[in-house]
Amino acid sequence: MLILNTDLWGDHRIVKVRSGSKEEWDKPDSSVITQCILNQIKDLLVEVGESEEKMILIIDLSKGSFPPWMQAINIARFFVSLKDLLLKGLAFTLILTVTEQQKTWLGRILMIYTPARPVHMVESKAEIREKINEYKGLVRA
């Protein structure tokens, strides 16, 4: 299942999503919980779109387990269905990858799913900070 962190939402419009463990993905309610998290992300996109702000989505793959293939495809489909909201309310997505297998899976998903807004694969929290600071500097200029 997906786990949502909105600690940086109020001041920075940043949302972090991470994956649960393999055991959590294997639970019968994991797809329902995942759908709830995706709906929360949609609501946040609506919120920033109405205020003409942009949010940053961080997908942290450094903890937890990569979703099962069908669940990953469903997540990608969900984001495809949000194209207009993404164009209006998302600045970019940062995906923190830590293994070659994650990079391979993401490469496969990105061959099927063409993102509406930029997606940057990063390998460290320092790179995340760098991308966010770069964006915040551009927005202020």
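Residues numbered from 1 in each chain as written. Predicted model: local features only at pLDDT ≥ 70, side-chain atom pairs only at ≥ 80, totals over all residues. Heavy atoms only, no water.

Colleague: What is the right way to read the confidence of the model for the chain from this model?
Modeller: A low pLDDT score tells you not to read the predicted coordinates there in detail. Residues at a pLDDT of 70 or more form 98% of the chain, whose mean pLDDT is 89. Mean pLDDT across the elements of the chain bottoms out in helix 6 (residues 100–112) (83) and peaks in strand 3 (residues 55–60) (95). (pLDDT = per-residue confidence, 0-100. Helix = DSSP H or I, 4+ residues; strand = E, 2+ residues; numbered from the N terminus.)

Colleague: Would you mind going over the sheet that holds strand 4 (residues 90–96) with me for this structure?
Modeller: Read across the sheet, five strands follow the order 1-2-3-4-5 without closing on themselves; strand pairing throughout is mixed. Two strands in the sheet have a free side with no partner beyond their single neighbour: strand 1 (2–5) and strand 5 (119–122). Shown here is a sheet whose adjacent strand axes are inclined to one another by a mean of 20°, direction ignored. Where strand 3 and strand 4 come together, six bridges link them in parallel fashion. By the bridge assignment, Asp 60 is partnered in strand 4 with Leu 96. (Pairing = 2+ DSSP bridges. Axes fitted to C-alpha atoms, helices over the stretch in contact; angles between N-to-C directions.)

Colleague: When you look at the environment of Leu 8 in this model, what are you seeing that I'm missing?
Modeller: Position of Leu 8 among the secondary structure elements: in the loop between strand 1 and helix 1 (9–12). Note on Leu 8: relative accessible area 44%, which makes it partly exposed. Placed 48 residues apart in sequence, Leu 8 and Ile 56 show a C-alpha to C-alpha distance of 10.0 Å. Discounting residues that sit within four places of it in the chain, Leu 8 has contacts with Arg 13 and Ile 14. (Buried < 20%, exposed > 50% of the residue type's maximum accessible area, 1.4 Å probe, protein only. Contact = heavy atoms within 4.5 Å.)

Colleague: So what exactly am I meant to see when it comes to helix 3 (residues 30–51) here?
Modeller: Residues spaced three or four apart along an α-helix face the same direction, because each turn holds 3.6 residues. The terminal C-alpha atoms of helix 3, which comprises 22 residues, lie 32 Å apart, in line with the 32 Å expected from a rise of 1.5 Å per residue. Buried within helix 3 we find Ser 30, Thr 34, Ile 37, Leu 38, Ile 41, Leu 44, Leu 45, Val 48 and Gly 49. Taken around the axis of helix 3, the buried residues stretch over an arc of 140°, which confines them to a single face. Exposed residues lying more than 90 degrees from the buried face of helix 3 are Val 32, Asp 43 and Glu 50. Two residues or fewer past helix 3, Glu 52 is found with a positive phi of approximately 60°. (Expected span 1.5 Å × (residues − 1). Arc of directions from axis to C-beta.)

Colleague: What's the story with the pattern of salt bridges in this structure? I'm lost.
Modeller: Following the criterion strictly, the structure yields six salt bridges and no others. Salt-bridge contacts for Arg 13 lead to Glu 53; the nearest nitrogen and oxygen are separated by 3.3 Å. Here Glu 53 lies in the loop between helix 3 and strand 3 and Arg 13 lies in the loop between helix 1 and strand 2 (14–19), a separation of 40 residues in the sequence. Residue classification places Arg 13 among the buried positions, given a relative accessible area of 16%. By relative accessible area, which is 31% here, Glu 53 ends up partly exposed. Of the charged contacts in the structure, one is a salt bridge between Lys 16 and Asp 60, with a shortest N-O distance of 3.3 Å. Taken as a pair, Lys 16 in strand 2 and Asp 60 in strand 3 lie far apart in primary sequence, 44 residues in all. For Lys 16, a relative accessible area of 26% puts it in the partly exposed group. (Salt bridge = Lys/Arg side-chain N within 4 Å of Asp/Glu carboxyl O.)

Colleague: Help me understand a nonpolar patch on the surface in this model?
Modeller: Judged by side-chain polarity, Trp 69, Met 70, Met 111 and Ile 112 come together as a nonpolar surface patch covering roughly 480 Å² of accessible area. For the nonpolar patch, the secondary structure elements donating two or more residues are helix 4 (69–81) and helix 6. Tracing the backbone shows Met 111 in helix 6. Residue class for Met 111 comes out exposed when judged on its relative accessible area of 70%. (Patch = residues over 30% accessible without salt bridge, like charges linked within 9 Å, V, L, I, M, F, W, Y side chains within 5 Å. Areas by Shrake-Rupley, 256 points an atom, 1.4 Å probe, with all protein chains shown as cover.)

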